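One letter stands for each residue in the lines below.
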Amino acid sequence: MGHQPPKEQEYDILIVGAGPSAAGLLYGILHRILLDRGSSDDEVGASSSNLSRVRIAVLERGNSIINSSTCAGGGGTLNNNNDVEMLSIASQIEHVHPSNCHLKNWFQTAHYNIPSSSRCGASNPTILHTTIPQTYLHNRIIDVPTGSGWGGGTNINAGLIMKPHNFRDDFDNNSWPGRWKGGGLIHNSIEEIMTVMEKNGGLLTTCTSLLFNDLLQNEEVCASSQEDEGVENYCSKFQHPTLSSRSSSSSNRRVNYFASLIVPLLKRHPELCSNVTFLSGVQVERILIRYSCSAGYSCSAAGNEDNHVNEQHQKHQCKPQAWAVECDYGDHREIIRSKRDIILCSGAIATPSLLLASGIGVEDDLRTAGIAPWYEQVKCDIHDDIDDKTVHRNLLVGHNLRDHILLPRIFLTPRLYNVGGESHNSILGWWMIRNLTSASTDSKIQLQLADGIQMDYMIPHFAAGALRRRWVLPFAVNLPEAWIESLFIGMRVVLRVFFCIPLLSTWAKQHFVSLNLCLLNPKSTGRVTVRSSKGIQSRTSLSDCRVIIDPNYLSDSWDVESLWRGWTFSSRMKQQCFKRSIEILPGYTFSIGVAIFSLISSAIHWMKALLGGRLHDKHNETHSGGNVPTWFRRYAAEFSNPYYHWCGTCAMGGEEDSTTSTTTTRNGESVVDEHLCVRGLSNLRICDASVFPDSVSAPPALTCAALGRAASSFIFE
């Protein structure tokens, strides 16, 4: 398949992206087609309804390695054209890239030796972006890895299969509208997805039986009252992770959601291959919009202010409609049309980027980015006393970016495992902590226990990351970004060579363990924007734009306070579970690092002062006061990291949110309605983590797959 243009240029449904939400959505649609055919009275089982003849195209920017050994369900005979097509599909989806075939390699797959680009290489599972300098993280620059290929983010993540901890808390609030409120629809879809994945051999439940010392001798930590007045902590029993891995494999082989859900379904029902087409190496550059009128014909394209509104457009009420996508195959471009729906499943970074490049967003933001907005014609009736006019529907695309926040505590322990033992993906399990306070929102914290299997890659990356920040030199001169990136990569290479010493690498894996505080309901929000390199034009493409990501970590002081409450609780757990361990971060490592950083910063600040500049930076004056110690604020700013669970950039809302006000997300800033339809545009839906109005208390991959499965039940309504 690769770079060949499609033979058929029109499909009923276009699914853009191949992440877990696309897998769940496609599984649900194909399952509905099977049920429709099964209900037919036709002897051959082919239904005469339109549903059984639905043609779906799944467009994925990443390419695939063809591996014939994974095909035909273990050597089955190919009897007809459907079997041949199924063989090709299975080969394409079940591809194995050396860097991501094992779960234990997830960190280096996501962060090492990956070019920053909007397009993938021949089989690269990662596209790596970076944030702008984060003000509240002392101007640090953070990696933003996004998955590519069939499976999307499940090709590069740690493979955790985790339900939201409390559906009522996550979904029964004012942010989730209509059918999603309460989480019942998501809960039922999650149960179905997990049942199917387990049946297909794609789930592996781990245990800690190989642990050598008594690290987990107290797996159950009783609920306890914290010393701070008005705060109470509740902690769950230690939970062992369930992973997307082959349960029969001793090598912890990764299984993405497409390989776990779609391939087995197509192997059992190869006739479904006639309903779906998988296109690899296809970068969707922009969404094409036109007017669709009640009379049944198409009018002039939207978004071009110079187009003359024809007579038919004036006589009939016309609505803007997404009717096609423009695709880049590498050596040429094609337009692929959709008869019914274009459904974006590209994730919380790529989906808003594509919408913005297509002129869908806030008008002022688009013009600042150098992108021409699309315009909606109103008052089309020539007999109306009010003149015709064009307006732009302001949708807060790219706003409300959220991510879980991770803050580590690292310990040096006695030997962690018996001989030959190691974890599957470095994560041993977690406790769920809930801080009950007098405030309106309770803190939800996952206290994650991880071993040192990734330390020989993590330590060089995060240690070198201390240099990867915005440095302001005397005379207000910023150190060039290319210099900062070169300094970071060079230092990381040096440290990585040091950890390549076999004895040191083995020792680090056996004796390091971390206790990570993961804040699962942060209040800090950021943005995803783009910037065109060609100025304002009527036909901007995604490849013409630079993606700018600003998660704005710890911008809300509530997040720091929540982390501190979790930290004090983890200190009690430290006394129970780490009696024979030495804490090295924070500790001497943090003290030495702070001293070095303070010395360098003070030298630069005094040089600036002597030369007439400002003595202090803005980030040193933020988040003052409160009950959080100064040392912890500094530690959180220096060592907080993303959990890589981005969501919320095309937030969902109810019917009451159909206005274009600019107050809060719950009162008018939603981009899609409860049916996942983009407001003001017909035939365009979004089905991925970008529609989450708020974070969920779990890694979002499973919830995204459930979102897609649930959406398949109503997209044909």
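Residues numbered from 1 in each chain as written. Predicted model: local features only at pLDDT ≥ 70, side-chain atom pairs only at ≥ 80, totals over all residues. Heavy atoms only, no water.

Brief notes about the overall build of the protein chain
When you go through the protein chain residue by residue, the secondary structure sums to 17 helices and 26 strands. Relative to its full complement of 717 residues, the protein chain shows a buried share of 58%. The contacts of the protein chain with a sequence gap of at least 6 include a subset with a gap of at least 24, amounting to 76%. As displayed, the protein chain offers around 29400 Å² of accessible surface, 51% of which is attributable to carbon and sulfur atoms. (Helix = DSSP H or I, 4+ residues; strand = E, 2+ residues; numbered from the N terminus. Buried < 20%, exposed > 50% of the residue type's maximum accessible area, 1.4 Å probe, protein only. Contact = heavy atoms within 4.5 Å. Areas by Shrake-Rupley, 256 points an atom, 1.4 Å probe, with all protein chains shown as cover.)

Notes on the state of the cysteines
Evaluation of the coordinates by the stated rule reveals zero disulfides. We note that Cys647 lacks a disulfide partner, and the nearest cysteine sulfur, in Cys704, lies 8.5 Å from it. (Disulfide = S-S within 2.5 Å.)

Quick notes on the packing of helix H6 (residues 184–199) against helix H7 (residues 257–268)
Where H6 contacts H7, the two axes come as close as 9 Å, and the packing angle between them is 80°. Regarding the angle of H6 to H7, the classification is roughly perpendicular. Touching Ile193, Val196 and Met197 of H6 are Tyr257, Ser260 and Leu261, all from H7. Its residues assigned to classes, the contact of H6 with H7 shows five nonpolar, one polar and no charged. (Axes fitted to C-alpha atoms, helices over the stretch in contact; angles between N-to-C directions. Parallel < 35°, antiparallel > 145°, perpendicular 65-115°, else oblique. Nonpolar A, V, L, I, M, F, W, Y, C, P; charged D, E, K, R; others polar.)

Describing the confidence of the model for the protein chain
Summarising the model, the protein chain shows a mean pLDDT of 78, and 70% of its residues fall at 70 or more. Here helix H2 (residues 72–75) is the element of the protein chain with the lowest mean pLDDT, 32, and strand E26 (residues 684–686) is the one with the highest, 97. In the model, residues 41–48 has pLDDT below 50 throughout and makes eight contacts with residues more than four positions away in sequence or in other chains. Overall, residues 303–316 carries pLDDT values under 50, and its contacts beyond four positions in sequence, including any with other chains, amount to 29 contacts. (pLDDT = per-residue confidence, 0-100.)

Concerning the side chain of Ser532
You can see Ser532 is positioned in strand E22 (residues 527–532). Classification of Ser532 as buried rests on a relative accessible area of 12%. Contacts of Ser532, omitting those with residues within four sequence positions, involve Ala369, Gly370, Ile371, Thr540, Asp544 and Cys545.

Examining the side chain of Thr649
Tracing the sequence through the fold places Thr649 in the loop between strand E25 (641–642) and E26. Ignoring anything within four residues of it in the chain, the contact list for Thr649 reads Ala348, Pro352, Leu396, Val397, Gly398, His399, Asn400, Leu401, Val528 and Ser690.

So, the pairing of strand E3 (residues 126–130)
For E3, the tally of buried residues reaches four of five residues, placing the bulk of the element in the interior. Of the pairings in the sheet, the one linking E3 to strand E4 (residues 143–147) comprises five bridges and is antiparallel in character. By the bridge assignment, Ile127 is partnered in E4 with Thr146. (Pairing = 2+ DSSP bridges.)

Some points on a nonpolar patch on the surface
Taken together, the side chains of Ile489, Val493 and Val497 make up a nonpolar region of the molecular surface, amounting to roughly 250 Å² of accessible area. Relative to the helices and strands, Val493 is located in helix H12 (residues 481–499). Using a relative accessible area of 46% as the deciding quantity, one classes Val493 as partly exposed. (Patch = residues over 30% accessible without salt bridge, like charges linked within 9 Å, V, L, I, M, F, W, Y side chains within 5 Å. Salt bridge = Lys/Arg side-chain N within 4 Å of Asp/Glu carboxyl O.)

Concerning the nonpolar core
Core analysis: the biggest nonpolar cluster contains 145 residues, and Leu26, Leu59, Phe258 and Leu684 have the highest contact counts within it. Looking at this core element by element, the count peaks at nine residues for helix H1 (residues 20–38). What Leu59 contacts, discounting residues up to four positions off in sequence, is Ile15, Val16, Gly17, Leu279, Val282, Val284, Val325, Cys327 and Ile336. Formed by 18 residues, the second largest nonpolar core is a distinct cluster that contains Met162, Leu406, Cys518 and Leu520. (Core = buried A, V, L, I, M, F, W, Y, C linked by side-chain atoms within 4.5 Å.)

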